[in-house]
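The chain contents come next:
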Amino acid sequence: MTPPPAPRLAPRPVWRPAVDPAQTAAFGRPDGVPSSFGPRTAPADSAGGRHTALTTGEVVPEMLADAFGRPPGDGSSLGRPPAGPPAVEEPEPSDPWRDPSAPVRLGEPALAESVVEAPEEIPIERFTLRQALFERRIRPAGLIVLVVLAVVLGGGGAAIGVWAGGRLPAVSTDPEFNVASVAPAIQRPAGSVAAIARQVIPSVVSVEVRTGDTGDTGSGVVIDGRGYVLTNNHVVSLAAIDSTAQLTLVFSDGKRVPATIVGRDPESDLAVVKATVTGATVAQLGDSASVQVGDEVIAVGSPLGLAGTVTTGIVSAKDRPVRLSGGDSDTNAVIDALQTDAAINPGNSGGPLVNAGGAVVGINSAIRTLGGDTSGSIGLGFAIPIDYAKTIAQELIRNGKVIHSTMGVNAKSATDGTTDGAQVQNVKDGGPAAKAGIREGDVITKVGDRSVGNADELVVAVQSHDVGESVAVSLTRSGKTLRVTVVLTAE
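Residues numbered from 1 in each chain as written. Predicted model: local features only at pLDDT ≥ 70, side-chain atom pairs only at ≥ 80, totals over all residues. Heavy atoms only, no water.

S.K.: In this structure, what is going on with the overall build of the chain? I would like to understand it.
M.R.: Each helix and strand in the chain was counted, giving nine helices and 22 strands. Of the contacts made within the chain by residues no fewer than 6 positions apart, 57% connect residues no fewer than 24 positions apart. Carbon and sulfur atoms make up 55% of the accessible area of the chain, which amounts to about 33,700 Å² in all. (Helix = DSSP H or I, 4+ residues; strand = E, 2+ residues; numbered from the N terminus. Contact = heavy atoms within 4.5 Å. Areas by Shrake-Rupley, 256 points an atom, 1.4 Å probe, with all protein chains shown as cover.)

So this is what it looks like as structure tokens:
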């Protein structure tokens, strides 16, 4: 059963307020007018010339009828002027000061400029020499004056020419003139930088490693006429890791030769590569042990790919421990470097550092920079001593690898305010240090004849001795100084 629909409410009635009868009489419609507009009736004129209103019938005063009524005889509903020819409006005078839309323009000057009329030019009669002589256009006296004037001017010009000719050179150009080249020859003694550079550059090569469209450039030095070249490990490590990389040597004469890696040693940052060449210029290898601080040295290489670059400086320090690691290389070495202020830049790595006799005393390997965007030389370059580099190169050529000595400890730099050293962090079980009685916490201050002031100095001190060598080690333990003997073993 469907429920009945809900009841609906009726709309609220419109509220109409009561109207005051006085207001209705004042503002309501007149009687007999049912709508907003009453019926239109024709105007009626009285005999006396008076008019009545359209709706109320009241009499309009004559003065109002004359002012606002229709003209006599005009039956139109609107008061229009009598028909006639259209009036022609005269244009108002142009006055830009009264016209807001008038464009900007320059006005007349306050004072009119006075115009000075130029005098009329009288044309000068021109005639030829023939007319002057034969047609008597010029008087004979005038001709005589012109001839005399011409003679005087010509003679004066000739006199000036003769006088000037005695003071100026006879000629200003000489087709057979040659600049004299009789400057004295520059003396370049045997030990000059130019002579050393001429001697060393043929034995220096550029080492290029490329993978696809990218690559890097380093330097190298020829150490054997069969094509063996000594360089840094971080220069060629990409070619060893990436099988698609191409290794190329560029000699000083521009010859490009493919090369192969003979061996490399990440712990010394040295490598040997070989190219199939004959008659290669071999560098003279010197003695780095005889180098003294202050000796003049020359760095040769290919910084930023600029082959054959030569820079000069001095040996700033010796036996400077420098750690080499990071980048795209597997190098993890601490080198006992020669420090130099000769400019060394990226690309010099692997090139030779030679002494005043032209002998190689080091292999340029690293620089110290200020960090940030600064990556060029600031006068702090480091080279691997050639005595150590020769030993590594021989092992790489003979065996393809190098065996380094070790004590079997890990250490960190430490100081107690008065003594610096390398504090042992852990000792390898059964290793040389453990057998010698070295414990964790001991501070090593000397290995052999070399003092140890930090962890890097401990590394280079140990690597300076051969495998199986017995080395005296001084250390501090609980305030006491001890001395033990360690027999170094292979890593």
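S.K.: What should I look at first to understand the sheet that holds strand β6 (residues 246-250) in this one?
M.R.: Within a sheet, adjacent strands bond to each other through the backbone by hydrogen bonds, running parallel or antiparallel. As summarised here, the arrangement of the six strands in space is β3-β4-β5-β8-β7-β6, forming a closed barrel in which the pairing is antiparallel. Recorded for the sheet is a direction-independent mean angle of 40° between the axes of neighbouring strands. Here three bridges tie β6 to strand β7 (residues 256-265), and the two strands are oriented antiparallel to one another. Across the sheet, the residue bridging to L249 is V257, located in β7. (Pairing = 2+ DSSP bridges. Axes fitted to C-alpha atoms, helices over the stretch in contact; angles between N-to-C directions.)

S.K.: What is the right way to look at the pattern of salt bridges in this model?
M.R.: As a working rule, side chains carrying opposite charge can pair if their charged atoms are close by. Taken as a whole, this structure holds seven salt bridges when the rule is applied. Of the charged contacts in the structure, one is a salt bridge between D330 and R264, with a shortest N-O distance of 2.9 Å. Of this pair, D330 sits in the loop between β10 (309-325) and β11 (332-340) while R264 is found in strand β7, placing the two residues 66 residues apart along the sequence. For D330, a relative accessible area of 31% translates into the label partly exposed. For R477, the salt bridge is made with D442, and the minimal N-O distance between the two is 2.8 Å. On the criterion of sequence distance, the pair formed by R477 in strand β20 (residues 470-477) and D442 in the loop between α8 (432-436) and β18 (443-447) is long-range, its members being 35 residues apart. Taken individually, R477 and D442 each receive the classification buried, so the pair is uniform in this respect. One salt-bridge network, in which partners are shared between bridges, spans E208, R210 and R256. (Salt bridge = Lys/Arg side-chain N within 4 Å of Asp/Glu carboxyl O. Buried < 20%, exposed > 50% of the residue type's maximum accessible area, 1.4 Å probe, protein only.)

S.K.: Please explain the nonpolar core as it appears in this structure.
M.R.: What tends to happen in soluble globular proteins is that the nonpolar side chains get buried as a cluster. If you look at the biggest cluster of nonpolar residues, it comprises 28 residues, and the most contacted ones within it are V221, L230, V360, I363 and A389. For L230, the contacting residues outside a window of four places in its chain are G220, V221, I223, L270, A271, V272, G350, I363, A389 and A393. In this structure, M407, I444, V452 and L475 belong to the second largest nonpolar core, which totals 20 residues. (Core = buried A, V, L, I, M, F, W, Y, C linked by side-chain atoms within 4.5 Å.)

S.K.: Explain the environment of G431 here, please?
M.R.: When you line up the elements, G431 lands in the loop between β17 (420-427) and α8. For the pair formed by G431 and V487, sequence separation is 56 residues and the distance between their alpha carbons is 9.3 Å.

S.K.: Which parts of the structure should I look at to understand the sheet that holds strand β9 (residues 296-301)?
M.R.: Strand order in the closed barrel formed by six strands is β9-β10-β11-β14-β13-β12, with antiparallel pairing between adjacent strands. The sheet shows a mean angle of 55° between the axes of neighbouring strands, taken without regard to direction. Bridging between β9 and β10 involves six bridges; their strand directions are antiparallel. Looking across to β10, one finds that A299 is bridged to T311.

S.K.: Sorry, what's going on with the pairing of β17 here?
M.R.: A regular strand places its side chains on the two faces of the sheet in alternate fashion. Bridge analysis of strand β16 (residues 409-415) against β17 gives seven bridges, and the strand direction is antiparallel. In the sheet register, A411 faces β17, and the bridge partner there is V424. What sits between β16 and β17 in their antiparallel hairpin is a turn of four residues, with G417 showing a positive phi close to 100°. As paired strands, β17 and β18 are joined by two bridges and run antiparallel to one another. Looking across to β18, one finds that Q423 is bridged to V443.

S.K.: Can you walk me through unusual backbone geometry in this structure?
M.R.: With the exception of glycine, the majority of residues adopt a negative phi angle, and the majority of peptide bonds are in the trans configuration. Here D269, not a glycine, exhibits a phi torsion of approximately 60°, which is positive. Position of D269 relative to the elements: it lies in the loop between β7 and β8 (270-275). Of note in the backbone geometry, S478 takes a positive phi value of approximately 55° without being a glycine.

S.K.: How should helix α6 (residues 233-241) be read in this particular structure?
M.R.: Residue pairs three or four apart in sequence face the same way in an α-helix, which turns once every 3.6 residues. For α6, the complete set of buried residues consists of N233, V235, V236, S237 and A239. Check the buried side of α6 and you find it contacts β3 (204-211), β4 (214-222), β5 (228-231), β6, β7 and β8.

S.K.: What's the story with a nonpolar patch on the surface in this structure? I'm lost.
M.R.: A cluster of nonpolar side chains, M63, L64 and F68, forms an exposed patch at the surface whose accessible area comes to about 390 Å². Its place among the elements puts M63 in helix α2 (residues 62-68). (Patch = residues over 30% accessible without salt bridge, like charges linked within 9 Å, V, L, I, M, F, W, Y side chains within 5 Å.)

S.K.: It is not clear to me how the confidence of the model for the chain should be interpreted in this structure. Could you clarify?
M.R.: Low pLDDT means the predicted coordinates in that region are not meant to be read closely. In the predicted model, the chain carries a mean pLDDT of 83, and the fraction of residues at 70 or more is 78%. Within the chain, strand β12 (residues 352-354) carries the highest mean pLDDT (97), whereas strand β1 (residues 51-52) carries the lowest (50). Across residues 44-50 the pLDDT falls below 50, and counting only partners more than four positions away or on other chains, this stretch makes eight contacts in the model. (pLDDT = per-residue confidence, 0-100.)

S.K.: Teacher, can you tell me more about the side chain of T331 here?
M.R.: Along the chain, T331 turns up in the loop between β10 and β11. At 3.1 Å, the side chain of T331 and the side chain of D269 are in polar contact. (Polar contact = N/O pair within 3.5 Å; in protein donor to acceptor, adjacent residues only side chain to side chain.)

S.K.: Would you mind showing me how to read the pairing of β10 here?
M.R.: Direction of pairing for β10 relative to β11: antiparallel, over a ladder of eight bridges. Paired with P321 across the strands is D336, a residue of β11.

S.K.: Looking at this structure, I do not really get the side chain of S206. What am I missing?
M.R.: Tracing the sequence through the fold places S206 in strand β3. Among the polar contacts made by the side chain of S206, one reaches the side chain of S302 at a distance of 2.6 Å. Residue contacts for S206: discarding those within four places in its chain leaves G218, T248, L249, V250, S302 and A307.

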